[in-house]
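What follows is each chain in one-letter form.
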Amino acid sequence: MTIRLPGAEGRLRAYEPRSEPLAVTTGAPFTSRTVFSAAHVVADPYADVTPDGPAAVDWDATLAFRRHLWSHGLGVAEAMDTAQRGMGLDWAGAAELIRRSAAEAKAVGGRVACGVGTDQLTAPATLEEVRAAYEEQLALVEGTGAQAILMASRALAAAAKGPEDYLDVYGHLLRQAADPVVLHWLGPMFDPALEGYWGSSDLDAATDTFLEVIAAHPDKIDGIKVSLLDAQREVDLRRRLPDGVRCYTGDDFNYPELIAGDEQGFSHALLGIFDPLGPLAAEAVRVLDTGDVKGFRELLDPTVELSRHLFQKPTRFYKTGVVFLAWLAGHQEHFTMVGGLQSARSLPHFARAYELADQLGLFPSPELAEARMKNLLALYGVAQ
């Protein structure tokens, strides 16, 4: 059996899908790395909503996907960029997601860390308003018992006049945090509104400010999550961290080498690509737990081509590919996204994502994935 797929040049070509999925098994908790998957949300396809209105979420399907990730030993990074924070999911929706996911984690014994931001602010804000918004969200996350991830703030990027404003706002938040948090540095390739974060567009100067925040509060920082898509910069940064502060890679281009590490250290992981790669990524980390770096790389290196495809420019639209693969894999019954973001990628992009994921054996039922891909192609007028 073959399926006709459109290529980037506009011509159709025949592709023969894989007949069997990759064999993966669940196992013991990870011992060598802490690994989070930033998880997507499942939209309610029957809700009568508009792209710019409040999100309608299918809570049952959304929580079921989190149970899938937990069943493989992965932690869930909740209400992050992958969940379309600021791209379809507003603060009210994110707050409900945090409450439900934290409760579900307690019920099933899963690990969850939740994003803390300032997205309830809808107009230009003062630094005091930014700080108050962060405080509101931090209180909600801590109240659920989840770990807090202090996300980069568009409002702070707009209000800050220089590095000293970042030092002041983050210092205030870290002093009042009940437990150690994760600091998240999200680069402008993921969100253009974050250009110049930490007070400078010069990444060396921004790094110095970031490290100054960490050095002043090492007891309140579990780790940092770096999403700059620059492997060497991440390595240089993690080598400058105080003892006890972890580096969680958010580099969806170079994660195998960063997680494997070198003689001077390694990165843990908090990655959007581990949403579609969950079982395979877990299998690879368990191999790494045995000390088999070569086996780890043999499993994870072939996934990089798919990740780079999903995260290609404009990188912020990678969520579309993540949800597309969740649909093909049978984790949800439709390909609809909050904010209508399913329209953000082209048919050739979807076709290549399907092909790469199929070659990796990511689909539990290759037949279901093929049937759903053919349905999508038919909607675009591609006859088989």
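Refer to the preceding data block for the structure.
The structure presented is a predicted model; accordingly, all values stated were derived computationally and were not measured.

Asker: Go over the side chain of H40 with me, naming the residues and quoting the values.
Answerer: Here H40 is to be found in the loop between β3 (35-38) and α1 (59-71). A polar atom in the side chain of H40 sits 2.7 Å from the side chain of D275. Not counting chain neighbours up to four residues away, the residues in contact with H40 comprise T62, F65, R66, T82, A83, D275, V322, V323, A326 and Q332.

Asker: Any details on the packing of aromatic side chains? Residues and values, ideally.
Answerer: Geometrically, a pair of aromatic rings is defined through the distance of the ring centres and the angle of the planes. Tallied over the entire structure, the rule returns 20 aromatic pairs. Pairing Y15 with Y354 gives two aromatic rings, centres 6.0 Å apart and planes at 85 degrees, and the pair type is edge-to-face. A residue pair is termed long-range when its members are at least 10 positions apart, and Y15 in strand β2 (residues 12-15) and Y354 in helix α13 (residues 347-360) qualify at 339 residues. For the pair Y15 and Y354, a shared accessibility class is recorded, and that class is buried. The ring of F266 carries the charged tip of R33 above its face, separated from the ring centre by 3.5 Å.

Asker: So what's going on with the pairing of strand β7 (residues 181-186)? Residues and values would help.
Answerer: Regular strands show a simple pattern: their side chains alternate between the two faces of the sheet. Of all six residues in β7, six are buried, a share of seventy percent or more. Of the two faces of β7, the one carrying V181, L183 and W185 and the one carrying V182, H184 and L186 are both buried. Pairing of strand β6 (residues 147-150) with β7 involves two bridges; the strand directions are parallel. Within the sheet, the bridge partner assigned to L150 lies in β7 and is L183. Pairing of β7 with strand β8 (residues 221-227), which is carried by six bridges, proceeds in the parallel orientation. For W185, the partnering residue across the bridge sits in β8 and is V226.

Asker: Describe the pattern of salt bridges, naming the residues involved and giving the relevant values.
Answerer: Overall, the coordinates contain 20 salt bridges when judged by the stated rule. A salt bridge links D222 to R246; the nearest nitrogen and oxygen atoms lie 3.4 Å apart. Separated by 24 residues along the polypeptide, D222 in strand β8 and R246 in strand β9 (residues 246-249) bring together distant segments of the chain. For R352, the salt bridge is made with E355, and the minimal N-O distance between the two is 3.2 Å. In this pair, R352 and E355 are both assigned in helix α13, three residues apart and thus about one turn of the helix distant.

Asker: Give a description of the packing of helix α12 (residues 318-328) against helix α14 (residues 366-379) that names residues and reports values.
Answerer: Any two packed helices are characterised by how steeply their axes cross, that is the angle between the axes, and by the distance between the axes. α14 packs onto α12 with a crossing angle of 125 degrees between their chain directions and a minimal axis gap of 8 Å. One element, α12, and the other, α14, form an angle in the oblique class. For the pair α12 and α14, contact is made by F324, W327 and L328 and by L368, A369, R372, M373 and L376, respectively. In terms of residue class, the contact of α12 with α14 is built from seven nonpolar, no polar and one charged.

Asker: I'd like a description of the sheet that holds β3, backed by residues and values.
Answerer: Ordered in space as β3-β4-β5-β6-β7-β8-β9-β10, the eight strands form a closed barrel in which the pairing is parallel. On average, each strand axis in the sheet is inclined to that of its neighbour by 25 degrees, with strand direction left out of account. In terms of strand pairing, β8 meets β9 through four bridges, oriented parallel. When the sheet's bridge partners are listed, I224 is paired in β9 with C247.

Asker: Quick rundown of the side chain of H184? Include the residues and the values.
Answerer: Note that H184 resides in strand β7. Within polar-contact distance, the side chain of H184 engages the side chain of S227 at 3.5 Å. Apart from residues no more than four positions distant in its own chain, H184 is found in contact with M80, I149, L150, M151, A152, K225 and S227.

Asker: Describe in detail the packing of α12 against α13, supporting the description with residues and values.
Answerer: At a closest axis distance of 10 Å, the pairing of α12 and α13 adopts a crossing angle of 55 degrees. The angle between the axes of α12 and α13 places the two elements in the oblique class. For the pair α12 and α13, the crossing hand works out as right-handed. Within the contact between the two elements, α12 uses T320, F324, L325 and L328 and α13 uses F350, A353, Y354 and A357.

Asker: Break down helix α2 (residues 91-108) for me, with residues and values.
Answerer: With 18 residues, α2 ought to run about 26 Å at 1.5 Å a step, and its terminal C-alpha atoms sit 25 Å apart, in line with that. If you check which residues of α2 are buried, you get W91, G93, A94, A95, L97, I98, S101, A102, E104 and A105. In the segment just after α2, G109 is the residue with positive phi, at about 80 degrees.

Asker: For the environment of L74, give the residues involved together with the corresponding values.
Answerer: Locating L74 in the fold gives a position in the loop between α1 and β4 (75-78). In this structure L74 comes out as buried when scored by relative accessible area, which is 3%. Taking the C-alpha atoms as reference, L74 lies 8.5 Å from F30; in sequence the two are 44 residues apart. If sequence neighbours within four positions are ignored, L74 has contacts with F30, V35, L69, F274 and G278.

Scoring rules and cut-offs
Residues numbered from 1 in each chain as written. Predicted model: local features only at pLDDT ≥ 70, side-chain atom pairs only at ≥ 80, totals over all residues. Heavy atoms only, no water. Helix = DSSP H or I, 4+ residues; strand = E, 2+ residues; numbered from the N terminus. Polar contact = N/O pair within 3.5 Å; in protein donor to acceptor, adjacent residues only side chain to side chain. Contact = heavy atoms within 4.5 Å. Phe/Tyr/Trp six-rings, centres within 6.5 Å; stacked < 30°, edge-to-face > 60°. Buried < 20%, exposed > 50% of the residue type's maximum accessible area, 1.4 Å probe, protein only. Lys NZ or Arg CZ within 6 Å of the ring centre and 35° of its normal. Pairing = 2+ DSSP bridges. Salt bridge = Lys/Arg side-chain N within 4 Å of Asp/Glu carboxyl O. Axes fitted to C-alpha atoms, helices over the stretch in contact; angles between N-to-C directions. Parallel < 35°, antiparallel > 145°, perpendicular 65-115°, else oblique. Nonpolar A, V, L, I, M, F, W, Y, C, P; charged D, E, K, R; others polar. Left-handed = near helix turned anticlockwise from the far one by under 90°. Expected span 1.5 Å × (residues − 1).

All quantities given are derived from atomic positions and should not be read as evidence of function.
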